[in-house]
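The lines below spell out each chain.
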Amino acid sequence: MDLVQLEIFKAVAEQGSISVAAQLIHRVPSNLTTRIKQLEQDLGVELFIREKSRMRLSPAGWNFLDYARRILDLVAEARLTVAGEEPQGPFALGSLESTAAVRIPALLAAYNQQYAKVELDLSTGPSGTMIEGVLSGRLVAAFVDGPVRHPTLEGLPVFEEEMVLIAPLGHAPITRAQEVNGESIYAFRANCSYRHHFESWFTQDSAVPGKIHEMESYHGMLACVSAGAGLALMPRSMLESMPGCATVSVWPLSPRFRFLRTWLVWRRGTVSQSLSSFVKLLEERGAVLAEG
């Protein structure tokens, strides 16, 4: 097994096609086919399920892809470290939508200015999606709702968010979930940690939400609540950043549910120069919180 085989395997795995991967890494398709077969023979397993013109990863292939990405990342990191150069190359970062919109724009601008050779690529989505991205190697690190208890992840708390319930103007006061039992709510997809938090708030008071409308943005939630169609939960910082925030009533949650911490997480033992520099910048700006 050599690095070229790993690079070829990674390209084919990510593209799902020999021909597309060959164009991407500037090799002839027959060379990729041969090197993949040699790698499978060396490992003693089939890494792909071949379907006409498509190449799907087998269960063993999915496991091996994780290791291949980590090995290639470590090799790239070692080269940079030995050369003594500043951070450079791709840096795929994930984030909750609210964190990306409110908490980190100035941080990302400062990072881009200080480390111009780093190719920063930001993706946003629910915590579940971002964590999956870090575990798969698609993302170097991600801002998620924490703490994250996973044996292969580590991280640190960076922001504290006050979660607030928004309701239509004129809605009766809301001090507990029983008072809105059965009312419709707006939330992100099922793998959103804030949605789980909202549902837990109902459950702890022996209440249940009515219809759950899945939305793609906080702006959409705000518009629906403002129109009188239901309730939503969001960080106060996000709400106050949006035009129209005065068109809804805002109710704090009980102390147990009121505050959540955002964490920056990454795969254990895979801290690159780019990530180390990013964490250092967070610390310099006072964004890192004390754990506990």
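Residues numbered from 1 in each chain as written. Predicted model: local features only at pLDDT ≥ 70, side-chain atom pairs only at ≥ 80, totals over all residues. Heavy atoms only, no water.

Looking at an unreviewed UniProt entry, the protein chain carries the name LysR family transcriptional regulator, with the source organism given as Pseudomonas sessilinigenes. In the Sequence similarities (unreviewed entry) part of its UniProt record, the protein chain is described as follows: "Belongs to the LysR transcriptional regulatory family." (UniProt positions renumbered as here; feature names shortened; annotations may be inferred.)

*Asks:* Explain the pairing of strand E1 (residues 48-51) here, please?
*Replies:* Side-chain positions along a regular strand alternate between the two faces of the sheet. Where E1 and strand E2 (residues 54-57) come together, 4 bridges link them in antiparallel fashion. Looking across to E2, one finds that Glu51 is bridged to Arg54. Connecting the antiparallel pair E1 and E2 is a turn made up of 2 residues, with Lys52 showing a positive phi of about 55°. (Pairing = 2+ DSSP bridges. Helix = DSSP H or I, 4+ residues; strand = E, 2+ residues; numbered from the N terminus.)

*Asks:* Please explain the pairing of strand E6 (residues 153-168) as it appears in this structure.
*Replies:* Burial of E6 is extensive: 13 of the 16 residues sit out of reach of the surface. Bridging between E6 and strand E9 (residues 231-235) involves 4 bridges; their strand directions are antiparallel. Residue pairing in the sheet places Val164 in a bridge with Met234 of E9. Sheet topology places E6 next to strand E10 (residues 248-252); 5 bridges connect them, and they run antiparallel. Each bridged residue has a counterpart across the sheet, and for Leu165 the counterpart in E10 is Trp251. (Buried < 20%, exposed > 50% of the residue type's maximum accessible area, 1.4 Å probe, protein only.)

*Asks:* Any chance you could explain helix H7 (residues 127-136) here in plain terms?
*Replies:* Residues spaced three or four apart along an α-helix face the same direction, because each turn holds 3.6 residues. Turning to H7, its buried residues number three or more, namely Ser127, Gly128, Met130, Ile131, Gly133 and Val134. Residues of H7 that are buried make contact with strand E3 (89-95), strand E4 (118-124), strand E5 (141-146), E6, helix H8 (193-203) and strand E11 (259-267). Phi for Gly137, located one or two positions after H7, is positive at around 90°. (Contact = heavy atoms within 4.5 Å.)

*Asks:* It is not clear to me how the side chain of Asp145 should be interpreted in this structure. Could you clarify?
*Replies:* Structurally, Asp145 is set in strand E5. Buried within the structure, Asp145 lacks any salt-bridge partner; Arg149 is the closest side chain of opposite charge, at an N-O distance of 9.4 Å. A polar atom in the side chain of Asp145 sits 3.2 Å from the side chain of Ser193. The contact partners of Asp145, leaving out residues within four places of it in the chain, are Leu96, Ser127, Ser193, Tyr194, Leu260 and Arg261. (Lys, Arg positive; Asp, Glu negative; His and termini not counted. Salt bridge = Lys/Arg side-chain N within 4 Å of Asp/Glu carboxyl O. Polar contact = N/O pair within 3.5 Å; in protein donor to acceptor, adjacent residues only side chain to side chain.)

*Asks:* Would you mind showing me how to read helix H2 (residues 18-25) here?
*Replies:* Within the sequence span of H2, burial applies to Ile18, Ala21 and Ala22. Down the axis of H2, the smallest arc covering the buried residues is 105°, so these residues share one side. Facing away from the buried side of H2, by more than 90 degrees, are the exposed residues Gln23 and Leu24. Those residues of H2 hidden inside the fold are in contact with helix H1 (3-15), helix H3 (29-43) and E2. Immediately downstream of H2, the backbone of His26 shows phi near 60°, a positive value. (Arc of directions from axis to C-beta.)

*Asks:* Just to check I follow, could you spell out unusual backbone geometry for this structure?
*Replies:* Among all residues save glycine, negative phi is the norm, and among peptide bonds the norm is trans. The linkage connecting Gly146 with the following residue, Pro147, adopts the cis geometry, with an omega of 5°. Within the secondary structure, Pro147 is located in the loop between E5 and E6. For Ser206, which is not glycine, the phi torsion reads 55° and is therefore positive. Relative to the assigned elements, Ser206 resides in the loop between H8 and strand E8 (212-214). Exposure remark for Ser206: the relative accessible area of 64% places this residue in the exposed category.

*Asks:* What should I look at first to understand the UniProt feature "domain: HTH lysR-type" (unreviewed entry) in the protein chain in this one?
*Replies:* In the numbering used here, UniProt assigns the feature "domain: HTH lysR-type" (unreviewed entry) to residues 1-58. Between the end C-alpha atoms of residues 1-58 the distance is 19 Å, and the span holds 62% helix and 14% strand.

*Asks:* How do you make sense of the packing of H1 against H3 when you look at a structure like this?
*Replies:* When two helices pack together, their arrangement is given by the angle between the helix axes and the distance between those axes. Where H1 contacts H3, the two axes come as close as 9 Å, and the packing angle between them is 110°. In this view, H1 runs roughly perpendicular relative to H3, as classed from their interaxial angle. From H1, Val4, Gln5, Ile8, Phe9 and Val12 reach across to H3, where they touch Asn31, Leu32, Arg35, Ile36, Gln38 and Leu39. When the residues that make up the contact of H1 with H3 are grouped by side-chain class, the tally is 7 nonpolar, 3 polar and 1 charged. (Axes fitted to C-alpha atoms, helices over the stretch in contact; angles between N-to-C directions. Parallel < 35°, antiparallel > 145°, perpendicular 65-115°, else oblique. Nonpolar A, V, L, I, M, F, W, Y, C, P; charged D, E, K, R; others polar.)

*Asks:* What am I meant to see in the packing of aromatic side chains here?
*Replies:* Pairs of aromatic rings are described using the distance from one ring centre to the other and the angle between the two planes. Summed over the entire model, instances satisfying the criterion amount to 12 aromatic pairs. Measuring from ring centre to ring centre gives 5.8 Å for Phe91 and Tyr111, while their planes differ by 50°; the resulting arrangement is tilted. Taken together, the positions of Phe91 in strand E3 and Tyr111 in helix H6 (residues 105-114) put the pair 20 residues apart, joining distant regions of the chain. With respect to class, Phe91 is no different from Tyr111; both count as buried. Counting every residue linked through ring pairs, the aromatic cluster contains Phe91, Tyr111, Tyr115, Phe143, Phe159 and Phe278. (Phe/Tyr/Trp six-rings, centres within 6.5 Å; stacked < 30°, edge-to-face > 60°.)

*Asks:* It is not clear to me how the pattern of salt bridges should be interpreted in this structure. Could you clarify?
*Replies:* When the charged atoms of two side chains with opposite charge come close together, those side chains can pair. This model, assessed by the stated rule, comprises 17 salt bridges. The partner of Arg69 in a salt bridge is Glu14, with the nearest N and O atoms 3.2 Å apart. In this pair, Arg69 sits in helix H4 (residues 59-83) while Glu14 sits in helix H1, placing the two residues 55 residues apart along the sequence. For Arg69, a relative accessible area of 11% translates into the label buried.

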